[in-house]
Amino acid sequence: MPHTLSSMLLKKTTLFLLIFQFCVGTFVAQTLKEEFDKKNKEFFQLVWNDTKQAKTTLKWLEEFAKEKNKPEFYSKYFNAKATLFFANSNYTDAVTNYLKAYDYAKKSKDKWQQGIVLNNLGGCLYQSQEYKKAKEYFYIAYQLFVEIDDKDWQTNVLYNLATINFDLENYTEAEKQFLLLEKTYLQDNNPSYAGYCNRVIGTIYIYTNRLDEAIKQLELSLKRSIPEDDLDSYSLSLQKMGHALLETGKNQEALSYLHKSLVITKANQFNKWTLINYELMAQTFWKSKIPDSAYFYYEKSLAYKDTVFNETKQAEFATLETQFKTKLKEEKIIQQKTTIDHKNQIIYGLVFFIIIIIVLLLLFIITRLKLLKSRRKLQKSLDEKESLLREIHHRVKNNLQVVSSLLNMHVRKVTDPDSKKILEEGSDRLIAMSLIHNNLYPHANLKNISLDEYLFKLSHQLFDNYKLNYATVKLNTELEKIEVDIDKLIPIGLIVNELISNAMKHAFHEASEAEISITLKYANTNEIELEVADNGQGIASNWHEKETDSIGMKLITIFSEKLKSKLSIENTNGTKIKLIIPTL
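Residues numbered from 1 in each chain as written. Predicted model: local features only at pLDDT ≥ 70, side-chain atom pairs only at ≥ 80, totals over all residues. Heavy atoms only, no water.

Student: Please clarify how the overall build of the chain should be interpreted in this entry.
Tutor: Along its length, the chain carries 19 helices and 7 strands. Here the chain holds 584 residues, and 39% of them are scored as buried. Long-range contacts, defined here as pairs at least 24 residues apart, represent 60% of the contacts in the chain between residues at least 6 apart. Accessible surface for the chain amounts to roughly 34400 Å². Of this, 55% is attributable to carbon and sulfur atoms. (Helix = DSSP H or I, 4+ residues; strand = E, 2+ residues; numbered from the N terminus. Buried < 20%, exposed > 50% of the residue type's maximum accessible area, 1.4 Å probe, protein only. Contact = heavy atoms within 4.5 Å. Areas by Shrake-Rupley, 256 points an atom, 1.4 Å probe, with all protein chains shown as cover.)

Listed below in structure tokens is the structure:
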């Protein structure tokens, strides 16, 4: 009996010791795992900002993994090592180490760790532009997180999948995925991320010609965006809205959004988006039939292409330099332990690097020459068009003079006074129009023409044409230096012609001391004031075109409306006609 009690006591003691050992072992293992995970988290906080300190932490992770010799620790160590290569743009070594990390994660049967590693591997391949491989790894990672029901990481990986499908122009898949992401972000109370999804969906709809739906999505994007937090994203939403409106033919609205985007991208030196804004604005002005503005923004886009090209090349050079420095350090460590053969490898690496630099420089020079050639071709085309336009004005002037001469021949044969008067007035207007085109002919730039010089020449040419004596009819001009484009110059010239012609014919008696004044100045920053006055007998009270048969007054009213100007007439000590003309 005592022997039986002793045996039972021994068994219970042994069982107690086994349970105690298991608990202690579990506690120790959990403590070690927490310590490792703490260091691992510390590494990922350092790797993108402090490479030197990150390497120290990585060394600790390596020694710990080797000491414990467990696949879960090796997986996290190789994942960290791969990320260090990734951060230094060494994608080849990064991929190699991510694959090692994935193998160890499979051995440890940790699906969460497998998903993390595959997501990182996909991101690395995406940066090295191996999009199809990246998509495969993202998809496997997504399925793993679905299996373990990790919603946050499902969202993160789905975002990566949607982005890569968009880049691969798989718009149907990308649309479904971004719509699902929008719903998820709204459920998580994250409207700014949902707004990003709306912008990408809107962009997809632009590319697939679903413009009404695109505008709705882009309106949501702008509504949900927070400009203070992310100006880059907000400026892109404005740009995409401008693009969508351009495609629908709403050119004025498109220009409004594109201009807002341009202000932000220029101020913040988002050169790539500034280039696209200039290109879209050039297209919009071209479709609006405003070729001068279209050429202006096209030239701006050419200038920014150089900037963006240089930035891209600088980034490529920086990446190559980083890769080279990383390799050089590795070679320096190996050099201490190897023979003369490894020195040759460094030389080969340098030669290869120099060849790459030479090739890149040649590509840069070739691209630059192509851009210069394109710019010269465009300039030549512009010069030819300007020359052609000047020639057209010259020929129009000649043709108008021919028609005027033919009318004068008929005038001499007509005996009816009313008919003769009508033909003479028509001939006078043709002469005035020919004077306008004659003054336009010498100008190389038809966008900025000096209005003051033009009005001075026109008024004196009209005096000469009517054969007036300057001593009898005094001409006063007060002309401020103002430049306008041809679209404003022609109607202003025709209005001044009618006003001066009318004053010369009807304002003065033979014995009167005649005086005609022309005043041109800025009324304010956005308006021009033009005034033509005489000290004659004054204009009739029923001057408005509805109450008079005067063709001259009708023409003045029509051209005034075309200029969107304000026309006023005073009958105090003669006639004073004033126009307030908007400059924009």
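Student: Explain the side chain of Ser 75 here, please?
Tutor: For Ser 75, the location among the structural elements is in helix α3 (residues 71–87). A polar contact of 2.8 Å, which involves the side chain of Ser 75, links it to the backbone oxygen of Ala 101. One polar contact links Ser 75 to Gln 113, side chain to side chain, over a distance of 3.2 Å. In this structure, Ser 75 is in contact with Ala 101, Tyr 104, Ala 105, Gln 113 and Val 117, ignoring residues within four places of it in sequence. (Polar contact = N/O pair within 3.5 Å; in protein donor to acceptor, adjacent residues only side chain to side chain.)

Student: In this structure, what is going on with unusual backbone geometry? I would like to understand it.
Tutor: Working note: non-glycine residues mostly have negative phi, and peptide bonds are mostly trans. Positioned with a positive phi, Ser 89 is a non-glycine residue whose angle comes to about 65°. Take Ser 89: it is sitting in the loop between α3 and α4 (91–107). For Glu 169, which is not glycine, the phi dihedral falls at a positive 65°.

Student: How should the pairing of strand β7 (residues 575–582) be read in this particular structure?
Tutor: Look at any regular strand and the pattern is simple: side chains alternate between the two faces of the sheet. The pairing of strand β5 (residues 527–534) with β7 spans 8 bridges and is antiparallel. Opposite Ala 533, over in β7, you have Lys 576 as the bridge partner. The sheet contact formed by strand β6 (residues 566–570) and β7 spans 5 bridges and is antiparallel. Its bridge partner being in β7, Leu 567 is matched across the sheet by Leu 579. Adjacent in sequence and paired antiparallel, β6 and β7 are bridged by 4 residues, among which Asn 573 carries a positive phi angle near 55°. (Pairing = 2+ DSSP bridges.)

Student: Would you take a moment to explain the nonpolar core for this structure?
Tutor: Soluble, globular proteins show a tendency: their nonpolar side chains are buried together. Ranked by size, the top nonpolar core spans 77 residues in total, and within it Phe 43, Tyr 98, Cys 124, Phe 166, Phe 178, Leu 181 and Ile 204 carry the most contacts. Per element, the largest residue contribution to this core is 9 residues, and it comes from α3. Among residues more than four places away in sequence, those in contact with Phe 43 are Ala 54, Thr 57, Leu 58, Leu 61, Ala 80, Thr 83 and Leu 84. Judged by nonpolar contacts, the second largest core, of 40 residues, contains Leu 435, Leu 458, Leu 462 and Leu 520. (Core = buried A, V, L, I, M, F, W, Y, C linked by side-chain atoms within 4.5 Å.)

Student: Hey, could you run me through the pattern of salt bridges in this one?
Tutor: Pairs can form between side chains of opposite charge once their charged atoms are near each other. Evaluated as defined, the whole model comprises 12 salt bridges. A salt bridge links Lys 76 to Asp 37; its shortest N-O distance comes to 2.7 Å. Remark: Asp 37 occurs in helix α1 (residues 2–46) and Lys 76 occurs in helix α3; sequence separation between them is 39 residues. The partner of Glu 130 in a salt bridge is Lys 133, and the shortest N-O contact between them spans 3.6 Å. Relative accessible area serves as the criterion here: at 47%, Lys 133 is assigned to the partly exposed category. Through salt bridges with shared partners, one network takes in Lys 59, Glu 62 and Lys 66. (Salt bridge = Lys/Arg side-chain N within 4 Å of Asp/Glu carboxyl O.)

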